[in-house]
Amino acid sequence: MWPSETAAAANGPAATVASSPPRRRRQSFTMRGSIVGISDGLRGSSRGHYVLLQALDMLVSMFVMTPAVVSYWRGTWALMDYYVFPDQPNLSNLLSMLIGAVCHIIFTMVQHPLERHLHPDKHRLMYYVLSRIYTAIFSFACVNSFRGVWKALDQHTGLNPATVAALTSVSVVALACMRALRNISSM
């Protein structure tokens, strides 16, 4: 029963005659999570337009964003290798893990207050400056988290195929048990 029919049924048989199913709206296509500056919720005017936007988004992701992110990670990782206790790998790994953990804890605690107080419609300049600083520090923390754990695993478990397979299997099972084994968040 259509929602209008439900209301009409409550009003008696005379109202039922006047109700009709709603008109079907034209199908729209929504692009979410675009990196080419297209905001979430953009609707393509046609399927062809939507496919064009998806193709453009994919190309920019593959040939601009991916190399930029990989270059940032490689550069940050190499700088940490070069400057942070290069002759003491255990201490270097531990420091990277600590930088990552402490920054993640701090950012988790301040995330909601920052969302409440920083909004581009209220204080545009402050929002853009602080959000870029936040992103830079958080990026540095993420690289350090990965670097510390990765290098510690390499150093203490080695790189033979059996060990790598065992670690991968245990990690996949742990992620599956936590219901965190996915790569697309909204499908």
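Residues numbered from 1 in each chain as written. Predicted model: local features only at pLDDT ≥ 70, side-chain atom pairs only at ≥ 80, totals over all residues. Heavy atoms only, no water.

All right, on to the pattern of salt bridges then. Applying the stated criterion across every chain yields a total of three salt bridges. Residue R147 is joined to D81 by a salt bridge in which the shortest nitrogen-to-oxygen separation is 2.8 Å. In this pair, R147 is assigned in helix α5 (residues 124–157) and D81 in helix α3 (residues 47–83), connecting sequence segments 66 residues apart. According to the relative accessible area criterion, R147 is buried, its value standing at 1%. As a salt-bridge pair, D81 and K151 come within 3.4 Å of each other at their nearest N and O atoms. One end of the pair, D81, is in helix α3; the other, K151, is in helix α5, with 70 residues separating them in the sequence. D81 sits in the partly exposed class, given a relative accessible area of 28%. Salt bridges sharing partners connect three or more residues here, namely D81, R147 and K151. (Salt bridge = Lys/Arg side-chain N within 4 Å of Asp/Glu carboxyl O. Helix = DSSP H or I, 4+ residues; strand = E, 2+ residues; numbered from the N terminus. Buried < 20%, exposed > 50% of the residue type's maximum accessible area, 1.4 Å probe, protein only.)

Below, the discussion takes up the UniProt feature "transmembrane region" (unreviewed entry) in the protein. UniProt's entry tags residues 50–73, 93–114, 126–150 and 162–181 with the feature "transmembrane region" (unreviewed entry), counted in the numbering of this structure. From the first C-alpha to the last, residues 50–73 spans 32 Å; its make-up is 100% helix and 0% strand. Secondary structure within residues 93–114 divides into 100% helix and 0% strand; the distance between the first and last C-alpha atoms comes to 30 Å. (UniProt positions renumbered as here; feature names shortened; annotations may be inferred.)

Moving on, we come to α3. Taking 1.5 Å per residue, 37 residues should reach 54 Å; α3 reaches 51 Å between its end C-alpha atoms and fits that length. Most pronounced at S61, the bend in α3 amounts to some 40°. Where α3 is concerned, the buried positions are Y50, L53, D57, T76, W77 and M80. Looking one or two residues past α3, F85 carries a phi angle of roughly 45°, positive in sign. (Expected span 1.5 Å × (residues − 1). Bend = angle between axes of the 7 residues up to and from the residue.)

Mapped onto the secondary structure, Y134 falls in helix α5. On a C-alpha basis, the gap between Y134 and F107 in space is 8.5 Å, while along the polypeptide they are 27 residues apart. With residues near it in sequence (within four places) discarded, Y134 still touches F107, Q111 and L114. (Contact = heavy atoms within 4.5 Å.)

This next bit is on the packing of aromatic side chains. Under the criterion given, the structure shown has seven aromatic pairs. Where F107 meets F138, the ring centres are 5.5 Å apart and the plane angle is 70°; that geometry is what we call edge-to-face. Remark: F138 occurs in helix α5 and F107 occurs in helix α4 (residues 89–117); sequence separation between them is 31 residues. Every member of this aromatic cluster is reached through a ring pair, and the members are F107, Y134 and F138. (Phe/Tyr/Trp six-rings, centres within 6.5 Å; stacked < 30°, edge-to-face > 60°.)

At a minimum axis separation of 7 Å, α4 and α5 run at an interaxial angle of 145°. With respect to the hand of their crossing, α4 and α5 are arranged in left-handed fashion. (Axes fitted to C-alpha atoms, helices over the stretch in contact; angles between N-to-C directions. Left-handed = near helix turned anticlockwise from the far one by under 90°.)

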